[in-house]
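One letter stands for each residue in the lines below.
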Amino acid sequence: MRKTTICLLAALTASACKATNSGEKAANADAREPAVPGEATLKASMQGHDKHGDAMRDAMARGDLDGAKGEAKLLAELRVVGPPSGLFQHLLDAMKAAAARASSANDLKDAGRDIGLVAKTCGDCHSVLGRSAMIVGQPAAPAPGVRPAMQRHRWAAEQLWEGLVVPSDNAWSAGALTMADAPLAPEALTPGKSPVPRVGELTQTVHDLGREAATVARVDVRADLYGEMLATCAECHKWFGGGPTPP
């Protein structure tokens, strides 16, 4: 989310600086537009927004439902100082409403869906009020073993998030294709022990969702798929640990 902050600030400031209608000025000579927040104030507000959004996503990926809900609550309640424009407020309210729903989710599935919607609403705002370019890198090369596979999964998940939040079609496509890697065999996750059937289902689900995500262009469908993938990763990490390291 932080990658979009600079361009968004410029667009928000421009939106806030439109002149008051001349008829309104004549009717009330003393009327004044609300002061436009300074760039430093806007930047600080958006950095807090980015911080809680990323922390919410990472807690969810670890399978920490309570942690994700706590960050979602902070995001919903965060005061973002922006321009006095109705469009900005409408877009901000949509994000806050999605975060509020995530803060009261009953389970990982519901939380994943709601966090996907939070990402979409962030992207909606960035698309309207300012869109930054994004250079998509390359994931680590495929290699045998669980750790290399998980590194590629994490890279893919980050690209899918940025694909919604920036938004970026290139990031979304790169993340989807990498997430569609051949699924890990359950035996690889439980060496020396009997494989857990449910874990095999989860690894296959992530693979299938990645393949589907690569074919989808509609943002609302992408948000749903991302939420389902996030919830699937969360459930697997609850079994074995893993996911982003807690702060």
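Residues numbered from 1 in each chain as written. Predicted model: local features only at pLDDT ≥ 70, side-chain atom pairs only at ≥ 80, totals over all residues. Heavy atoms only, no water.

## Some thoughts on the overall build of the protein chain
And step 1. Helix and strand content of the protein chain: eleven helices and zero strands.
And step 2. In the protein chain, the order of α-helices and β-strands from amino to carboxyl end is α-α-α-α-α-α-α-α-α-α-α.
And step 3. Counting across all 247 residues of the protein chain, residues that qualify as buried make up 45%.
And step 4. A fraction of 71% describes how many contacts in the protein chain between residues 6 or more apart in sequence connect residues 24 or more apart.
And step 5. When the accessible surface of the protein chain is summed, it comes to about 12,600 Å², and 55% of that surface belongs to carbon and sulfur atoms. (Helix = DSSP H or I, 4+ residues; strand = E, 2+ residues; numbered from the N terminus. Buried < 20%, exposed > 50% of the residue type's maximum accessible area, 1.4 Å probe, protein only. Contact = heavy atoms within 4.5 Å. Areas by Shrake-Rupley, 256 points an atom, 1.4 Å probe, with all protein chains shown as cover.)

## Examining the environment of Ala180
And step 1. Summarising the element assignment, Ala180 is placed in the loop between helix 8 (169-179) and helix 9 (186-189).
And step 2. Linking Ala180 and Ala214, residues 34 residues apart in sequence, is a C-alpha distance of 8.5 Å.
And step 3. Residues contacting Ala180, with those up to four places away along its chain left out, are His207, Gly210 and Arg211.

## Brief notes about the packing of aromatic side chains
And step 1. Per the stated rule, a full pass over the model turns up one aromatic pair.
And step 2. With centroids separated by 5.9 Å and ring planes inclined at 50 degrees, the aromatic side chains of Trp161 and Tyr226 adopt a geometry described as tilted. Of this pair, Trp161 sits in helix 7 (residues 146-165) while Tyr226 is found in helix 11 (residues 219-240), placing the two residues 65 residues apart along the sequence. (Phe/Tyr/Trp six-rings, centres within 6.5 Å; stacked < 30°, edge-to-face > 60°.)

## Things to note about a negative patch on the surface
And step 1. On the surface, Asp208, Glu212, Asp224 and Glu228 cluster together to form a negatively charged patch.
And step 2. Those elements that provide at least two residues to the negative patch are helix 10 (197-213) and helix 11.
And step 3. In this structure, Glu228 sits in helix 11.
And step 4. Residue classification places Glu228 among the partly exposed positions, given a relative accessible area of 43%. (Patch = residues over 30% accessible without salt bridge, like charges linked within 9 Å, V, L, I, M, F, W, Y side chains within 5 Å. Salt bridge = Lys/Arg side-chain N within 4 Å of Asp/Glu carboxyl O. Lys, Arg positive; Asp, Glu negative; His and termini not counted. Charge placed at Lys NZ, Arg CZ, Asp CG, Glu CD.)

## With respect to the pattern of salt bridges
And step 1. Under the criterion given, the structure shown has twelve salt bridges.
And step 2. In this structure, the salt-bridge partner of Arg218 is Asp220, at a minimum N-O distance of 2.5 Å.
And step 3. Taking the relative accessible area as the measure of exposure, Arg218 reaches 54% and is therefore exposed.
And step 4. Look at Asp220 and you get partly exposed, because its relative accessible area is 33%.
And step 5. Through salt bridges with shared partners, a single ionic network connects Asp54, Arg57 and Asp58.

Just distances and angles here, no functional claims.
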